[in-house]
Amino acid sequence: MTVVNDANAAAIAEAKIGAGRNFKSVYYITVSTGIGGGFVLNGDIVKGASGYAGEAGSILIRKENKDSFGSKLFPGSIECYASGNAITRRGSSVTGKSLKDAGEVFKAAKNGELWGIALVDQMAYDLAMMFCAIGHIIDPHVFVVGGGVMKGKDVFFEKMESYYRSMIHVGMQPVVFKEALLDEPGIIGAAMLPMTHLK
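Residues numbered from 1 in each chain as written. Predicted model: local features only at pLDDT ≥ 70, side-chain atom pairs only at ≥ 80, totals over all residues. Heavy atoms only, no water.

Another point: the packing of helix 3 (residues 84-95) against helix 5 (residues 114-138). One can describe the packing of helix 3 onto helix 5 by two numbers: an axis separation of 11 Å at closest approach and a directional angle of 150°. Classified by chirality, the crossing of helix 5 by helix 3 is right-handed. The segment helix 3 lies against helix 5, with Ile-87, Arg-90, Gly-91, Val-94 and Thr-95 engaging Trp-115, Leu-119, Gln-122, Met-123 and Asp-126. (Axes fitted to C-alpha atoms, helices over the stretch in contact; angles between N-to-C directions. Helix = DSSP H or I, 4+ residues; strand = E, 2+ residues; numbered from the N terminus. Left-handed = near helix turned anticlockwise from the far one by under 90°. Contact = heavy atoms within 4.5 Å.)

Time to look at the confidence of the model for the protein chain. Summary statistics for the protein chain give a mean pLDDT of 88 and a share of 84% for residues scoring 70 or more. Model confidence for the protein chain, summarised as mean pLDDT per element, is weakest for helix 7 (residues 185-192) at 58 and strongest for helix 4 (residues 102-110) at 98. (pLDDT = per-residue confidence, 0-100.)

A separate point is the side chain of Thr-30. On the secondary structure map, Thr-30 appears in strand 1 (residues 25-31). A residue is classified by how much of its surface remains accessible, and Thr-30, at 17% relative accessible area, is buried. In this structure Thr-30 touches Ala-7, Ile-35, Gly-36, Gly-146 and Gly-147, once residues within four positions along its chain are discounted. (Buried < 20%, exposed > 50% of the residue type's maximum accessible area, 1.4 Å probe, protein only.)

This next bit is on the pairing of strand 4 (residues 142-146). Counting buried residues in strand 4 gives five out of five residues, a clear majority hidden from the surface. Residue alternation in strand 4 divides its side chains into two sets, Val-142, Val-144 and Gly-146 and Phe-143 and Val-145, and both sets are buried. Pairing analysis gives five bridges linking strand 1 to strand 4, with the strands arranged parallel. The residue of strand 4 that forms the bridge with Tyr-27 is Phe-143. Alignment of strand 4 against strand 5 (residues 176-179), held across four bridges, turns out to be parallel. Directly across from Val-142, in strand 5, lies its bridge partner Val-176. Crossover strand 4 to strand 5 through helix 6 (residues 153-167) is right-handed. (Pairing = 2+ DSSP bridges. Right-handed = clockwise from strand over helix to strand, strands pointing away.)

Here it is, written out as structure tokens:
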């Protein structure tokens, strides 16, 4: 029996039959309540020595997390700042209201509310830092981005990519950013596991 987490399963599906199907190396990121990822090389998921390869949500982008908007285990990680839960908590903190989800922050940004614009801009910058850290080590052909937060892609995705390209080494500029295509990539990828080699 083979077991992988949901992000790795989704990475397999998106790499084989989704947005990354025409690329040799695919780094899949899901930005939802949390942040997860998986690296697929020549059709195979890369698990690493201990099975934790691709855990992008734990990438540190701050020295410390004074705001405590996320993981207590990895304070200062990207998940503490740019996941759906973190954006919701940050929005609630700024407005003094209990926001139900990140969609309310995105809506505020669309409506020109300064607090929403500021939070979305910071989210885009933080995600770009995460992708830059991954890119400088992995140098994938494509980044595929999925998860519930992509419902707000029209307010942050292009800005995130622009920040990324301002940070990344000039030789790595050709990398492509694509939105995930599959509705349930985790389920599809889990079904595809018997056909996949783990590295």
